[in-house]
Amino acid sequence: MTAPTRLEGPATGPSRPARALGAAVVPLLLLLALLAAGIGMLATGALSPATLVPASPLVTFGLPVVRVLHHLGLLLAVGAGATAVLLLPGPARREVTVLDPTRRRAVRLAAAGALLWTLGAFAQIPLGGLEATGAGTDLNIWDVAMGGALGRLQMLVAVLAALATLAYALARSTVLACWGLAFAGLGTLSLGLVGHAGASLDHVNAVNAMAVHLVAVTVWAGGLLAIALLAPRLDDAVLDTVVRRYSPWALAAVIALALSGLISAGIRLSGWGDLITTGYGRVVLAKTIGLLALALLGAQQRRRLGERLRFRHLALTEGVLMAAVIGASIALGRSAPPVPQSVPEIGELRVMALVGFLPPSREFSPTTMFTVIQPDWIALALAATMAGLYLTGAVRLARRGDAWPWHRTLAFVAGCVAFAWVLSGGAAAWGRFRFDAHMVQHMAMMMIVPPLWVLGAPVTMLSRATAPRTDGSRGVREWVLAALHSGYSRVISSPPLAGLIFAGSLVLFYFTPLFELAMYDHLGHVLMTVHFLASGYLFAWVLIGIDPSQKPINPVLKLLTLLITLAFHAFFGVALYSATWLVAERWYTELGMYDPDRLMLIQERGASIMWAISEVPTVGYAIVVVVLWMGSEDRRARQYDRKAERDGGAELAAYNAYLASLRGEGATGGTATPGAGEEPTSSGTDRGESAETDGTEGSTDSETSPRPSDGQQG
């Protein structure tokens, strides 16, 4: 724990009147957010009565109130949960999962926020139905709301918020509290998808940017709000530690906000002039200025660590600005941007409406896969971030004098480049329009990107390059290692199960309506991408993983799993090639780009790609498995030789004595005289058997078991 710093305020925190004033701050911030939302909607014209479908006053004035309460609950659910799970120091070094009084208070605050979020999320569903039907309708507004994609996504968010509430409420350790934070994070990501209902312009970048934007705001504002509410009950040293740990997360959130804001503005504004000439642009400009001011205040707060009085003043100022920014965000969500986002599904606009962008003008071919770009800016930023963090860790190890194999760095960075190409290259540009292009994406996401990442040993890099915590709390490093050594990890790291997930998902995905749903719905497309990457990573980690695992895996079992799984993979490609029906027929027919015969030919090409590409990784996997096996044998042999040098061959002597006792030679304590050729033969056999046995066991232990240098070194 960080040593206490000289403070300007009292060592035990503010007085009771100051605490009462702090409790009154939240309602005042809520009123400020509502005022900012009203001013913003007035500036954009969102408060003007609709002429086509007159809106109910309950929607016009009630929905912003519900959203303010919804956002407040979301901020508390994420901010207080993250404070308890990641930021607060623990009670003792060995009590890493105990909820001490301070962390218990943070978890209770997170539970209250998650409950408020749940109620707000459920309340938005009928209000959304009422907005769609208009005032004075006789229709069932609940059925109307749930009949559309927006209502179903709102229900998903409400369910995730309810799960977060349940986990927080039942938490008696940081493990269950971490599950609550995970559900809250998933709900926050899903909120970005709530903004996508029907057809929209470039909805891949628009929705992804909105999801990142919401996560960044929640991490930043939620963490600040939670720390400010908990600060009166924290002593100075604990507050100093919490703020220091929060600072890097806040910096990352600022960068994410800037990136996602630029992407969103580029999609919704026609030019820089819209920032001045349109009401929507002026609200965007005001929000941007507010975020810049928040970033400057955050930097000041980082410099003033340990000064409680200045922290309280800066936090209050940040809270006021953040409330105004959230109000501006609500106003933007209720307003129409200068560039219309809805595309009617008629005529030539049908493809744009369904996909969000037009297909490339150049025909799909092996050349255009590497020369055509359809940028997914969030995916590109994610790839650059992962590569940057890994390289930062490698530089840190080099400066510390620790050796790190260069080929691991090369493999991981190559995986990040491949990941960027998969989601932004020619295959991505054609992936929604042609089945063969989609299959190229599929194969790359399962059999090219994951093995490269696995060979980079990212968990080992994290454990070595990040300093371990010694105060009884868990940071990212400790949570990753805890997950790696959990019972769930032990189950899924079984080679047969990993192979079943890898191969079985093909049947489940392509021989059911799931693939077609993933084409129509952006959430389905995101889940498809995540599943392909995760199942491919699990399969690669089990077979060729360098990162530590819980139990040794026999290399022969690895090879059998590899051959059976990828043989099934190839067999599935042949079965798909022989299919007489079209996969996702309704989707490709509705696009109207190709006739049925051409669609069948494209599907056969995609099946051929699946069958052909699976052969190359099979050979690569087998080579790596054998190389790792041989390397583990050599390491075990060297360990045995060094041990024999240290103890003078005591293990071999004991083994020979054991064999002699079995023959009865040592029963009386004497030594029998061997025959002429008996001693060399017996001695040679004994040494050979001992070396062979130890080498085989060593290959299993040294290859996959946790090593202190890999899994525990700080």
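For clarity, every value in this text was computed on a predicted model and none was experimentally measured. (Residues numbered from 1 in each chain as written. Predicted model: local features only at pLDDT ≥ 70, side-chain atom pairs only at ≥ 80, totals over all residues. Heavy atoms only, no water.)

Novice: Would you mind going over the overall build of the protein in detail, with residue names and values included?
Specialist: Looking only at helices and strands, the protein has 31 helices and zero strands in total. Buried residues in the protein amount to 48% of all 714 residues. If you take every contact in the protein between residues at least 6 apart in sequence, the share linking residues at least 24 apart comes to 80%. Per element, the accessible surface of the protein, about 33,200 Å² overall, is 68% carbon and sulfur. (Helix = DSSP H or I, 4+ residues; strand = E, 2+ residues; numbered from the N terminus. Buried < 20%, exposed > 50% of the residue type's maximum accessible area, 1.4 Å probe, protein only. Contact = heavy atoms within 4.5 Å. Areas by Shrake-Rupley, 256 points an atom, 1.4 Å probe, with all protein chains shown as cover.)

Novice: Could you give me a rundown of the packing of aromatic side chains, with the residues and numbers involved?
Specialist: In this description, a pair of aromatic rings is defined by centroid distance and the angle of the planes. This model, assessed by the stated rule, comprises 20 aromatic pairs. Taking the centre distance of 5.7 Å and the plane angle of 70° together, the rings of phenylalanine 509 and phenylalanine 515 count as edge-to-face. On the basis of relative accessibility, which here comes to 0%, the residue phenylalanine 515 falls in the buried class. Ring geometry for tyrosine 520 and tryptophan 587: centres 4.9 Å apart, planes at 85°, overall edge-to-face. In this pair, tyrosine 520 sits in helix 23 (residues 514-520) while tryptophan 587 sits in helix 26 (residues 585-591), placing the two residues 67 residues apart along the sequence. Under the relative-accessibility criterion, tyrosine 520 is labelled partly exposed at 24%. Note on tryptophan 587: relative accessible area 0%, which makes it buried. Of the aromatic side chains, those joined through ring pairs into one cluster are Phe435, Phe509, Tyr510, Phe511, Phe515, Phe532, Phe572 and Trp581. One Lys or Arg, arginine 434, reaches over the ring of tryptophan 430 and ends 5.9 Å from the middle of that ring. (Phe/Tyr/Trp six-rings, centres within 6.5 Å; stacked < 30°, edge-to-face > 60°. Lys NZ or Arg CZ within 6 Å of the ring centre and 35° of its normal.)

Novice: Tell me about the confidence of the model for the protein, and name the residues and values.
Specialist: For the protein, per-residue confidence averages 79 on the pLDDT scale, and 79% of positions sit at 70 or higher. Segment residues 1-14 is flagged for pLDDT under 50; beyond a separation of four residues in sequence, or across chains, it makes 33 contacts in the model. Here residues 666-714 is modelled with pLDDT under 50, and outside its nearest four sequence neighbours on either side it reaches 78 contacts, counting other chains as well. (pLDDT = per-residue confidence, 0-100.)

Novice: So what's going on with the environment of isoleucine 613? Which residues, and what values?
Specialist: Tracing the backbone through its elements, the reader meets isoleucine 613 in helix 27 (residues 596-613). A relative accessible area of 28% places isoleucine 613 in the partly exposed class. Taking the C-alpha atoms as reference, isoleucine 613 lies 8.8 Å from valine 440; in sequence the two are 173 residues apart.

Novice: Account for helix 19 (residues 458-465), naming residues and giving values.
Specialist: Because the α-helix completes a turn every 3.6 residues, residues three or four places apart line up on one side. Along helix 19, six of the eight residues are buried, which leaves the element largely enclosed by surrounding structure. Every buried residue of helix 19 is listed here: Val459, Thr460, Met461, Ser463, Arg464 and Ala465.

Novice: Break down the pattern of salt bridges for me, citing the residues and quoting the values.
Specialist: Under the defined criterion, the tally for this structure stands at nine salt bridges. Its salt-bridge partner being glutamate 363, residue arginine 598 comes within 3.7 Å of it at the nearest N-O pair. One end of the pair, arginine 598, is in helix 27; the other, glutamate 363, is in the loop between helix 12 (349-355) and helix 13 (368-371), with 235 residues separating them in the sequence. Under the relative-accessibility criterion, arginine 598 is labelled partly exposed at 31%. (Salt bridge = Lys/Arg side-chain N within 4 Å of Asp/Glu carboxyl O.)

Novice: So, unusual backbone geometry: which residues are in play, and what are the values?
Specialist: In the Ramachandran plot, alanine 457 falls in the positive-phi region, its phi being about 50° despite a non-glycine side chain. Here alanine 457 lies in the loop between helix 18 (449-455) and helix 19. For alanine 457, a relative accessible area of 0% corresponds to the buried category. Even without glycine at this site, alanine 584 takes up a positive phi of about 55°. Mapped onto the fold, alanine 584 is located in the loop between helix 25 (555-577) and helix 26.

Novice: With reference to specific residues and values, describe the packing of helix 22 (residues 495-510) against helix 25.
Specialist: Helices that pack against each other are described as a pair by the angle of their axes relative to one another and the distance between those axes. Interhelical geometry of helix 22 versus helix 25 gives an angle of 5° and a closest axis separation of 9 Å. Considering their axes alone, helix 22 and helix 25 lie roughly parallel with respect to each other. For the pair helix 22 and helix 25, contact is made by Pro495, Pro496, Gly499, Phe502, Ala503, Leu506, Val507 and Tyr510 and by Leu557, Thr561, Thr565, Leu566, Phe568, His569 and Phe572, respectively. (Axes fitted to C-alpha atoms, helices over the stretch in contact; angles between N-to-C directions. Parallel < 35°, antiparallel > 145°, perpendicular 65-115°, else oblique.)

Novice: Give me the environment of threonine 561: which residues, what numbers.
Specialist: Topologically, threonine 561 is positioned in helix 25. Judged by its relative accessible area of 8%, threonine 561 falls in the buried class. C-alpha of threonine 561 to C-alpha of leucine 500: the two residues are 61 residues apart in sequence and 9.3 Å apart in space. Excluding residues within four positions of it along the chain, threonine 561 makes contact with Pro495, Pro496, Gly499 and Phe539. Reaching out from threonine 561, the side chain makes a polar contact with the backbone oxygen of leucine 557 at a distance of 2.8 Å. (Polar contact = N/O pair within 3.5 Å; in protein donor to acceptor, adjacent residues only side chain to side chain.)

Novice: Could you give me a rundown of the environment of leucine 86, with the residues and numbers involved?
Specialist: With respect to the helices and strands, the residue leucine 86 is situated in helix 2 (residues 57-87). Look at leucine 86 and you get buried, because its relative accessible area is 15%. For the pair leucine 86 and valine 242, spaced 156 residues apart in sequence, the C-alpha separation works out to 9.0 Å. Setting aside anything within four residues of it in sequence, one finds leucine 86 in contact with Arg245, Trp249, Arg469, Arg474, Gly475, Val476 and Trp479.

Novice: Go over a nonpolar patch on the surface, please, and point to the residues and values.
Specialist: There is a patch of nonpolar side chains on the surface, built from Leu166, Leu170, Val175, Leu176 and Trp179 and spanning about 470 Å² of accessible area. Among the elements of the structure, helix 5 (149-170) and helix 6 (174-194) are those that each provide at least two residues to the nonpolar patch. Relative to the helices and strands, leucine 176 is located in helix 6. (Patch = residues over 30% accessible without salt bridge, like charges linked within 9 Å, V, L, I, M, F, W, Y side chains within 5 Å.)

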